[in-house]
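What follows is the residue order along each chain.
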Amino acid sequence: MTPDLREKKSHWFFSPRKSVDTDIRLICFPYAGGAATVYAPWVRGLSSEIEFLSVQYPGRATRFKEAPITDLMTMAAHIAEVIAALDEKPLVLFGHSMGSRIAYEVALLLEKKYAVNVDKLIVSGGNVPHKGVDKTSVVSRREQQRGGAPMHTLSDKDFCKELEFLQGTPESVLASDELMALLLPSLRADFELVFHYNKPRVAERLHCPITSFSSDKDSVVNPEAVAAWQDLTQAEYRALQFQGDHFFIHDEQQKVAQVLNAEVGQVRDCCVITEIY
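Please read all numbers here as calculations on a predicted model, not as lab measurements.

**Some words on the overall build of the chain**
Each helix and strand in the chain was counted, giving 10 helices and seven strands. Relative to the globule expectation of 19 Å for 277 residues, the C-alpha radius of gyration of the chain, 18 Å, shows essentially globular dimensions. Principal-axis analysis of the C-alpha atoms places the extent of the chain at approximately 60 × 40 × 35 Å. Taking all 277 residues of the chain together, the buried fraction comes to 50%.

**A closer look at the packing of helix α3 (residues 98-112) against helix α7 (residues 177-197)**
One way to put it is that α3 packs onto α7 with a least axis distance of 11 Å and a crossing angle of 60°. In terms of orientation, α3 and α7 fall into the oblique class. Here the hand of the crossing between α3 and α7 comes out left-handed. Contact residues: α3 offers M98, R101, Y104 and E105, while α7 offers D190, L193, V194 and Y197. Its residues placed into classes, the contact of α3 with α7 shows five nonpolar, no polar and three charged.

**Quick notes on α7**
The terminal C-alpha atoms of α7 lie 30 Å apart, and with 21 residues this matches the ideal 30 Å at 1.5 Å per residue to within 8%. At L183, α7 shows its strongest bend, of approximately 45°, with the proline P185 following within four residues.

**With respect to the pattern of salt bridges**
When their charged atoms lie close together, side chains carrying opposite charge are able to pair. On inspection of all chains with the given rule, the structure shows 14 salt bridges. R268 serves as the salt-bridge partner of D23, at 2.9 Å between the closest nitrogen and oxygen. Of this pair, D23 sits in the loop between β1 (13-14) and β2 (24-29) while R268 is found in helix α10 (residues 253-276), placing the two residues 245 residues apart along the sequence. On the basis of relative accessible area, D23 is assigned to the partly exposed category, the value being 29%. Here E252 ties to K255 by a salt bridge, and the two come within 3.5 Å at their closest N and O atoms.

**Thoughts on the state of the cysteines**
Taken as a whole and assessed by the stated rule, the structure comprises zero disulfides. Of all cysteine sulfurs, the one in C208 lies closest to C28, which takes part in no disulfide; the gap is 15 Å. You can call C28 buried: its relative accessible area is 0%. With relative accessibility at 2%, the residue C208 sits in the buried group.

**Concerning the packing of helix α5 (residues 156-166) against α7**
Running from N to C, α5 and α7 cross one another at 75°; their axes reach a closest spacing of 11 Å. Judged by the angle between their axes, α5 and α7 are roughly perpendicular. Residues D156, F159, C160, L163 and L166 of α5 form the contact with α7, whose own contacting residues are M180, L184, L187, R188 and F191. Looking at side-chain class alone, the contact of α5 with α7 contains eight nonpolar, no polar and two charged residues.

**With respect to the packing of aromatic side chains**
Under the defined criterion, the tally for this structure stands at nine aromatic pairs. Ring geometry for Y104 versus W229: centroids 6.0 Å apart, planes at 75°, classification edge-to-face. Here Y104 is found in helix α3, whereas its partner W229 is found in the loop between α8 (223-227) and β7 (237-242), with 125 residues between them in sequence. The residues Y104 and W229 share a single accessibility class, namely buried. Ring-pair connections join several aromatic residues into one group, and the members of that group are Y39, W42, F94, F213, F242 and F248. Above the ring of W12, the side-chain terminus of R63 is found at 4.1 Å from the ring centroid. Sitting over the ring of F159, R188 keeps its end group 4.7 Å from the ring centre.

**Thoughts on the sheet that holds strand β6 (residues 210-215)**
An order of β1-β3-β2-β4-β5-β6-β7 is seen for the seven strands of this open sheet, with the pairing classed as mixed. The open sheet is flanked by β1 and β7, the only strands paired with a single partner. Pairing of β6 with β7, which is carried by six bridges, proceeds in the parallel orientation. Among the inter-strand pairings, S214 is bridged to a residue of β7, identified as Q241. In the packing of α3 onto the sheet, the strands contacted are β2, β4 (91-96) and β5 (120-124), and the crossing angle to β4 comes to about 150°.

Each value, and the rule that gives it
- Residues numbered from 1 in each chain as written.
- Predicted model: local features only at pLDDT ≥ 70, side-chain atom pairs only at ≥ 80, totals over all residues.
- Heavy atoms only, no water.
- Helix = DSSP H or I, 4+ residues; strand = E, 2+ residues; numbered from the N terminus.
- Rg over C-alpha atoms; globule rule 2.2 N^0.38 Å.
- Buried < 20%, exposed > 50% of the residue type's maximum accessible area, 1.4 Å probe, protein only.
- Axes fitted to C-alpha atoms, helices over the stretch in contact; angles between N-to-C directions.
- Parallel < 35°, antiparallel > 145°, perpendicular 65-115°, else oblique.
- Left-handed = near helix turned anticlockwise from the far one by under 90°.
- Contact = heavy atoms within 4.5 Å.
- Nonpolar A, V, L, I, M, F, W, Y, C, P; charged D, E, K, R; others polar.
- Expected span 1.5 Å × (residues − 1).
- Bend = angle between axes of the 7 residues up to and from the residue.
- Salt bridge = Lys/Arg side-chain N within 4 Å of Asp/Glu carboxyl O.
- Disulfide = S-S within 2.5 Å.
- Phe/Tyr/Trp six-rings, centres within 6.5 Å; stacked < 30°, edge-to-face > 60°.
- Lys NZ or Arg CZ within 6 Å of the ring centre and 35° of its normal.
- Pairing = 2+ DSSP bridges.

Structural data, given as structure tokens:
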């Protein structure tokens, strides 16, 4: 790996452990407001044979001084460029909520622009891109109640109320004016990114299989929106459901990590068999 590529990799990706003799790569995309470390606890449930990377978006954590990106396609283009330059390994992409849509666009770019094979896309708690805004979701209903004002345009006070309602930000963080002052720019940028991306369009199908993770009490994403992910693959589609709300990936952390490990393991086993035969 060249020094320039090594720098780009460390810039865009965080790994909670050293990757030695790994034979498959898992790249995870955080949800709105999330830093790369949100997936770090999963490391205990993932095989040591998996190279485990999490995307670090600009404007937070180690990239705090950088301006956040408010256009999803721009974000996806930067990430796909770095992934395409990495050494070749079987590749699985995982994204939760906003991260599911970024992961999908990255997968499309890798297939179409870089001829890089994505072996599986795992989408979690995410509305399918090509259907546009889900008018039945609690987020859309609350937007209608406030006269159609997008969340990222609200005052700091009202914006924080919406964050509290969505239950993705710890109460201790919401209660700290100092912390929220630091976090608000990247949070607003993420919700702006999602707002401008959510437009109906023709579905573009991936060659790789798609597995969807959802939860039984998610008020942000409805079952129909999850099921529509099957429209975006030419290969196998699997749907797995967990217990919990929109952030079940934290409440059911151990179980999610175990299932994710199994999903990645299936890809690894298939690739190994292919090499033998």
